[in-house]
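Here's the letter readout for the chains.
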Amino acid sequence: MLVKTLYLSVDPAMRGWMDDKPSYLPPVEIGEVMRALGVGQVVASKHARFAPGDFVSGMLGVQTFACVRSDTLAKIDPNLAPLPKYLSVLGMTGMTAYFGLFKIGEAKAGDTVVISAASGAVGSIAGQIAKIAGCRTIGIAGGAEKCAYLRDELGFDAAIDYRSENMYGALREHCPSGINVYFDNVGGDILDACLVNLAMHARVVVCGAISQYNNEQGTRGPSNYMMLLVKRSRMEGFLVSDYYAEYGNAAREMAGWLRDGKLRSHEEVVEGIDRFPETLLRLFTGEHLGKLVIEVTKPD
C-alpha cells in the first residue's frame, strides 16, 4: 500500500532506536528513514480491506509517503476522534499507560500511585486512568505550571515539582503509607527517591528512563534497589506490543472514558516535517505538555 503521511508521533523511544546496542528493535542505521509511528491516508492499495482515502495508523517513518504492507497497519475512523488522538490516548501512548498501570502495576482502588514525567504523553494518561480506577495519584513534574496542570486540569491528588522540592521529603508528605505503584518514566534520582518510599509488596513499572537516554557515561542503575528486598516488592519492565491482542478492548474502554469526560488528552501539534529534529529535542528539555505530534500534511 502507498500511504500519505498526515501526522507523526514524537516519542522518547526514538532516542533509544538511534543507539547501536542490543535492544527490543534493531537500531535505525545511518542513512535510513527514521522510524516513527504515524497516521496516514491510503493513496493506492493492493489489499481488498483497504481503499484509497481510508485512514490508517502504523509505522510509517519520518517521510511524506510510505510504501508499507497492509498487515502492519490498522484502519481508523476520523469520525470517532480527531486523527492526532490515534497517536495519543487512542494509540500506542494510551495503550502504554493502560497496560503498564493495570498489567504490570496491578493498580487497584485504594492504592497510592506515583507517576514521574506526569505531564508528558504517557504519564498524563496513566495518572488519569489511576484516578478512574479509584487510586490516590501523585504526579512528579518539572515546574509550577506543570504541577498546576496536573492538579487543576487532570485531577491528580497532588503534584511534586522535582526542580524546586526535596523529593524524599515530598514523597513522605504525600505518601505517608508508602507507594503501592510507581510508574517510572525517567529513572535516575527520581527512581532512587521513590524506591526509598515503597509500601510493602509495591510494584515498580519500568516504562522508560528519559533522564538516562543521553547519558554519555552509560545508563546509571538504581542505587536504592535493595529496598525491593526490604519491602518485598518487584520492579518490572514491559513493551506495550506484548499486549497487542488486547488493544481492542482497552481502546473501547478508553474511548468510553473520553466520551464521558472522565479522560482528557492534550496533543501539541507542530506543523512541518522539517521541524521533526527540533521537536524531538524538546522531549529532553521538558518544553511541552502531553503528546508531541508532527503534522506532515492535511488530509484530503
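Here the structure is shown first, and the text comes after it.
Residues numbered from 1 in each chain as written. Predicted model: local features only at pLDDT ≥ 70, side-chain atom pairs only at ≥ 80, totals over all residues. Heavy atoms only, no water.

**Student:** What is the right way to read the nonpolar core from this model?
**Tutor:** Buried together is how nonpolar side chains tend to be arranged in soluble globular proteins. Counting 48 residues, the largest nonpolar core has F99, I129, L150 and M254 as the members making the most contacts within it. Taken together, the elements giving at least two residues each to this core come down to β1 (2-9), β2 (37-44), α2 (92-104), β6 (112-115), α3 (121-132), α4 (144-153), β9 (179-184) and α8 (247-259). A per-element tally of this core places α2 first, with six residues. Residues within four places of L150 in sequence aside, it is in contact with A118, S119, G139, A141, G155, F156 and A159. (Core = buried A, V, L, I, M, F, W, Y, C linked by side-chain atoms within 4.5 Å. Buried < 20%, exposed > 50% of the residue type's maximum accessible area, 1.4 Å probe, protein only. Helix = DSSP H or I, 4+ residues; strand = E, 2+ residues; numbered from the N terminus. Contact = heavy atoms within 4.5 Å.)

**Student:** Which parts of the structure should I look at to understand the sheet that holds β9?
**Tutor:** Strand pairs in the sheet, formed through backbone hydrogen bonds, run parallel or antiparallel to each other. Spatially, six strands are ordered β8-β7-β6-β9-β10-β11 in an open sheet, and the strand pairing comes out parallel. On the outer flanks of this sheet lie β8 (158-161) and β11 (234-237), each paired with one strand and no other. Between one strand and the next, the sheet's axes are offset by a mean angle of 15°, whatever the strand orientation. Here strand β7 (residues 136-141) runs beside β8; their pairing, made up of four bridges, is parallel. Looking at β8, one finds that I140 is bridged to I160. (Pairing = 2+ DSSP bridges. Axes fitted to C-alpha atoms, helices over the stretch in contact; angles between N-to-C directions.)

**Student:** Which parts of the structure should I look at to understand the environment of Y243?
**Tutor:** Relative to the helices and strands, Y243 resides in the loop between β11 and α8. Taking the C-alpha atoms as reference, Y243 lies 21 Å from L60; in sequence the two are 183 residues apart. Setting aside its immediate chain neighbours within four residues, Y243 contacts F99, K103, I104 and F238.

**Student:** Hey, could you run me through helix α5 (residues 167-174) in this one?
**Tutor:** Owing to its 3.6 residues per turn, the α-helix aligns residues three or four sequence positions apart on the same side. All of the buried residues along α5 are M167, A170, L171 and H174. All buried residues of α5 lie within an arc of 100° about the axis, which places them on one face of the element. Residues of α5 that are exposed and point over 90 degrees away from its buried face: R172 and E173. At the N-terminal boundary of α5, the capping side chain belongs to N166, with an oxygen 3.1 Å from the backbone nitrogen of Y168. (Arc of directions from axis to C-beta. Polar contact = N/O pair within 3.5 Å; in protein donor to acceptor, adjacent residues only side chain to side chain.)

**Student:** Mind showing me how you'd approach α4 here?
**Tutor:** Those residues of α4 lying buried are K146, C147, Y149 and L150. In a view along the axis of α4, the buried residues occupy a sector of 155°, so they form one face of it. Exposed residues lying more than 90 degrees from the buried face of α4 are A144, E145 and D152. Against the buried residues of α4 lie β7 and β8. Just past α4, the residue G155 takes up positive phi, approximately 85°.

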